[in-house]
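Geometric and topological summary
Next come the chains, spelled out residue by residue.
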Amino acid sequence: MSELYPAEVIIDPTTGAVSPATGRYAKYLSELSGIFSNSDAWSRAIQDENDPLVYEVIECKQEGSDLFFGTTTMQPGKIGEEFYMTRGHFHEDRTKGEVYCTLSGQGLLLLEDRQGCCSTVEMRKGSIAFIPPDWAHRSINCGPIPLVFTWVCSVAAGHDYGQILQRGMRKLIVEREGEIEVVTNPKFD
Ligand code: PAN
Ligand code: ZN
């Protein structure tokens, strides 16, 4: 194992910029096939809005550390009655949880365990969401500005996208007549 040193890392709470960063990726709408219920609205938005950026993940990892952290910055936007959201995943290592600290914007963290128990945690500036081990998690930007949060996780956690990608999550976050609602995904009715 390499030697580890204390470090200060600066995070910009409104842009999610991480300095220094060791990795990053962006997800554009065309890369989120099958995530949104309304696939016609999804295709239309890719065309009409020229494949917009949905979210960006920036990480800071010290080689040899058991923990790493980073930011996710989610743009505001909607596809049909659903808001922009992340893919959602379980961790490969079922014993590893995670913590999300919201820095800016407002949204919801949607969680679900293997037995189908569902939960939401509000995401707003200063809030910390605890994600227990083996709960799938997806973040949703329900507001008009970017939703920026810091996540802290075990390096060993890994991502398991398969189940959520195939079946979706049991609950959808939708806007109906100006109200944000948690509704049952018709695929699970
Ligand atoms: C986060 C997520 C990030 C993007 O770092 O990976 O917000 O979401 P998806 O990975 O679901 O697209 C995290 O939960 N890491 O474990
Ligand atoms: Zn995670």
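Refer to the structure above for everything that follows.
The structure displayed is predicted, hence computed values, not measured ones.

1. A word on the packing of aromatic side chains
Under the counting rule described, the total for this entry stands at two aromatic pairs. Consider the rings of Phe-68 and Trp-151, whose centres lie 5.0 Å apart with planes at 70 degrees: the pair is edge-to-face. Of the two residues, Phe-68 is situated in strand S5 (residues 67-74) and Trp-151 in strand S13 (residues 147-154); the sequence distance between them amounts to 83 residues. Looking at Trp-151, the relative accessible area reads 7%, which means it is buried. It is Lys-61 that lies over the ring of Phe-68; its NZ or CZ is 4.8 Å from the centre. Its guanidinium or amino end placed over the ring of Tyr-161, Arg-87 lies 4.1 Å from that ring's centre, counting from NZ or CZ.

2. Here we look at the environment of Asp-134
Considering the arrangement of structural elements, one finds Asp-134 in the loop between strand S11 (128-131) and strand S12 (135-141). C-alpha separation for the pair Asp-134 and Thr-95, spaced 39 residues apart in sequence, amounts to 6.6 Å. Reaching out from Asp-134, the side chain makes a polar contact with the side chain of Arg-114 at a distance of 2.9 Å.

3. Focus on the coordination of the zinc ion (ligand 2)
Each pair of donors in an ideal octahedron of six around a metal sits at 90 or 180 degrees, and each pair in an ideal tetrahedron of four sits at 109.5 degrees. Distances from the zinc ion (ligand 2) to its protein donors, His-89 (NE2), His-91 (NE2), Glu-98 (OE) and His-137 (NE2), fall within 2.1 to 2.3 Å. Taken in sequence order, the residues that donate to the zinc ion (ligand 2) follow the motif H-x1-H-x6-E-x38-H. One end of the pair, His-91, is in the loop between strand S7 (82-83) and strand S8 (98-104); the other, His-137, is in strand S12, with 46 residues separating them in the sequence. Judged by relative accessible area, His-91 falls into the buried class, the value being 4%. A relative accessible area of 1% places His-137 in the buried class.

4. A closer look at the sheet that holds S12
With respect to topology, three strands assemble into an open sheet ordered S10-S9-S12, the strand pairing being antiparallel. Bordering the open sheet on either side are strand S10 (118-124) and S12, each of which pairs with just one other strand. Neighbour to neighbour, the strand axes of the sheet diverge by 20 degrees on average, direction disregarded. Note: strand S9 (residues 106-113) against S10, seven bridges, orientation antiparallel. Bridge pairing in S10 links Leu-108 to Glu-122.

5. A few points about the state of the cysteines
In a disulfide, the sulfur atoms of two cysteines are held together by a covalent bond. Applying the stated criterion across every chain yields a total of zero disulfides. We note that Cys-101 lacks a disulfide partner, and the nearest cysteine sulfur, in Cys-153, lies 12 Å from it. Just so you know, Cys-117 is unpaired, no disulfide at all, and the nearest cysteine sulfur is the one on Cys-118, 6.7 Å from it. You can call Cys-117 partly exposed: its relative accessible area is 41%.

6. What about the side chain of Thr-71?
By the secondary structure assignment, Thr-71 is in strand S5. Ignoring sequence-local partners within four residues, the contact set of Thr-71 consists of Ile-11, Gly-16, Val-18, Glu-56, Val-57, Ile-58, Phe-149, Thr-150 and Trp-151.

Cut-offs applied
Residues numbered from 1 in each chain as written. Chains lettered and ligands numbered in written order. Predicted model: local features only at pLDDT ≥ 70, side-chain atom pairs only at ≥ 80, totals over all residues. Heavy atoms only, no water. Phe/Tyr/Trp six-rings, centres within 6.5 Å; stacked < 30°, edge-to-face > 60°. Helix = DSSP H or I, 4+ residues; strand = E, 2+ residues; numbered from the N terminus. Buried < 20%, exposed > 50% of the residue type's maximum accessible area, 1.4 Å probe, protein only. Lys NZ or Arg CZ within 6 Å of the ring centre and 35° of its normal. Polar contact = N/O pair within 3.5 Å; in protein donor to acceptor, adjacent residues only side chain to side chain. Donors = N, O, S within 2.8 Å, 3.2 Å for Na, K, Ca; no water. Pairing = 2+ DSSP bridges. Axes fitted to C-alpha atoms, helices over the stretch in contact; angles between N-to-C directions. Disulfide = S-S within 2.5 Å. Contact = heavy atoms within 4.5 Å.

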